Amino acid sequence: MKKRFLVFLAVMSIYFVSSLVFDERFVIQAAAPTIQKDIPKDTYCEVCNMVVYRESHKMGKFSAKAITSKGKTLYYDDIGCLVFDETRTKTTNTKYVRDYHSSKWISVDTAIIVKSNLKSPMNWGYIYFSTQKQANAYLAKNKKAKIVALSTIKEEATKRYQNQFGEKRTDKKISAPTAASSKTSLSQDVPNHTDCAFCNMVVYKKDSPFGKFSAQAIQKSGKVRYYDDISCLLYNEVKDKASNAKYVRDYTTMNWIVAEKATYVKTTLQSPMDDGYVFFAKAEDAKKYVAKNKGTKIVTFQAVKKEAIQRYK
């Protein structure tokens, strides 16, 4: 009797696992006819909340998507966001990227992945080829490019985004700052566990290496919105058709200063959104920084704003 029961359990286990596999295959097969459809208009990345570009856009070659076991399609502006999302949600989905030449969706598991020096939405620069021959042809013309494994991207993305999402979260929701609290926000640090009002990444406090890039905007109502990088703030204003009082951190003192009055320096530093801008209350301090750091330059506020709009639209 006991042996019969054990055999029954074994048979049921096999049936259950087979059912799961069948269900997942069924979902993927059902989705197959729509795989080559373009990304819906006004789609935003599941991780960073930035636009996921359509096929016709020059940035469309970097877009990616994943189909879950339940048939839901998730879109990403860059491969790093996709693989990190799987890591943080502890899921394994069917993943697709665009072929560099045809722009057709191809499985990332069979694609030849090449690390290029092209600028992608999140500055990963990965492009994809359907065949080894096509990849080799690209490598022959671009000496600094190289073939990489998907596991390498996953490892790099996890490290990068753990830094940007890595501040310990709390289950307790942080209430939005009120008009009264906005009067003191300029004399205080970024509140604990604050996420960017645009891309949802951590907004760093001033004692963090990334704290120098943080920014804040105070709306006419007095509500304070925090951002991890100046580009998120500037684009969010355009998207919301708003004009707020904007503040960034002085690189020397880490005090909040008026964004429009600051002197901007484009650096080689890695900021949360890879813009690399730092800010100075005094123009002399900015000039000293540029003199000591090769590859840096002073830029205008309007130039930074224009770049942010072009990058996200």
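Here, the structure is the one placed above.
Calculation criteria
As a convention, each chain's residues are numbered from 1 in the sequence order in which they are written. Residues qualify for local features only when their pLDDT is at least 70, as the model is predicted, and side-chain atom pairs are given and counted only at 80 or more; totals for whole chains, interfaces and linings, by contrast, use all residues. Each side-chain value is derived from all of the structure's non-hydrogen atoms; neither hydrogens nor water enter the calculation. As used here, the term nonpolar core means buried Ala, Val, Leu, Ile, Met, Phe, Trp, Tyr and Cys residues forming a set that is joined through side-chain atoms within 4.5 Å. Burial status follows relative accessibility: with a 1.4 Å probe on protein chains alone, a residue under 20% of its type maximum counts as buried, one over 50% as exposed, and anything between as partly exposed. Here, two residues are considered to be in contact whenever any of their heavy atoms come within 4.5 Å of each other. Strands here mean DSSP runs of E at least two residues long; helices mean DSSP runs of H or I at least four residues long; both are numbered from the N terminus. We define a salt bridge as a contact between a side-chain nitrogen of Lys or Arg and a carboxyl oxygen of Asp or Glu at a distance within 4 Å. Two strands form a pair only when DSSP identifies at least two bridges running between them. Axis angles are defined between N-to-C directions and span 0 to 180 degrees, where every axis is a line fitted to C-alpha atoms and, for a helix, only to the segment in contact. In this description, the arc belongs to the directions extending from the helix axis to the C-beta atoms.

Right, let's talk about the nonpolar core for a bit. Core analysis: the largest hydrophobic core is formed by 76 residues, its most contacted members being Tyr76, Ile79, Met122, Val248 and Tyr264. Those residues in contact with methionine 122, other than ones at most four positions away along the chain, are Cys48, Met50, Asp77, Asp78, Cys81, Arg160, Tyr161, Met201, Met273 and Asp274. Core analysis: the next-biggest nonpolar cluster, separate from the first, contains nine residues, Phe213, Val265, Val278 and Phe280 among them.

So, about the environment of phenylalanine 62. Mapped onto the secondary structure, phenylalanine 62 falls in the loop between helix H1 (2-31) and strand S1 (64-67). Taking the C-alpha atoms as reference, phenylalanine 62 lies 6.9 Å from arginine 98; in sequence the two are 36 residues apart. Not counting residues up to four positions away in its chain, the partners in contact with phenylalanine 62 are Asp77, Asp78, Ile79, Leu118, Lys119, Ser120, Pro121, Gly125, Tyr126 and Ile127.

This next bit is on the pattern of salt bridges. Where charged atoms from two side chains of opposite charge approach closely, those side chains can pair. Under the definition given, this model contains nine salt bridges. As a salt-bridge pair, aspartate 85 and arginine 88 come within 2.8 Å of each other at their nearest N and O atoms. Of the two residues, aspartate 85 and arginine 88 are both situated in helix H2 (residues 79-89); the distance of three residues between them amounts to about one turn of the helix. A single network of salt bridges, built from pairs that share partners, joins Asp38, Arg54 and Arg98.

With that settled, the discussion passes to the sheet that holds strand S14 (residues 297-299). Taking strand neighbours across the sheet as the criterion, the three strands line up as S13-S12-S14 in an open arrangement whose pairing is antiparallel. Two strands close off the open sheet at either side, each with one partner strand: strand S13 (277-280) and S14. The average undirected angle you get between the axes of adjacent strands in this sheet is 40 degrees. Pairing between strand S12 (residues 263-266) and S13: four bridges, direction antiparallel. For valine 265, the partnering residue across the bridge sits in S13 and is valine 278. Helix-sheet contacts for helix H7 (residues 283-292) involve S12, S13 and S14, and the interaxial angle to S12 is about 15 degrees.

The next subject is the environment of tyrosine 96. With respect to the helices, strands and loops of the structure, tyrosine 96 is situated in strand S3 (residues 94-98). A relative accessible area of 11% means that tyrosine 96 is categorised as buried.

Attention shifts here to unusual backbone geometry. Non-glycine residue lysine 90 carries a positive phi angle of around 55 degrees. Mapped onto the elements, lysine 90 comes out in the loop between H2 and S3. The residue lysine 241 is not glycine, and still its phi comes out positive at about 55 degrees. Turning to its location among the elements, lysine 241 is positioned in the loop between helix H6 (230-240) and strand S10 (245-249).

Below, the discussion takes up the sheet that holds S10. Spatially, S9-S8-S10-S11 is the arrangement adopted by the four strands of the open sheet, whose pairing is antiparallel. Lying at the two open borders of the sheet, with one neighbouring strand each, are strand S9 (224-227) and strand S11 (256-258). Recorded for the sheet is a direction-independent mean angle of 30 degrees between the axes of neighbouring strands. Sheet contacts for H6: strand S8 (215-218), S9 and S10; angle to S9, the most-contacted strand, approximately 130 degrees.

Along helix H3 (residues 132-141), the residues classified as buried are Ala135, Tyr138 and Leu139. Angular distribution of buried residues about the axis of H3 spans 100 degrees; they occupy a single face of the element. The exposed residues of H3 that point more than 90 degrees off its buried face are Lys133 and Lys141. Buried residues along H3 sit against strand S5 (112-115), strand S6 (126-129) and strand S7 (146-148).

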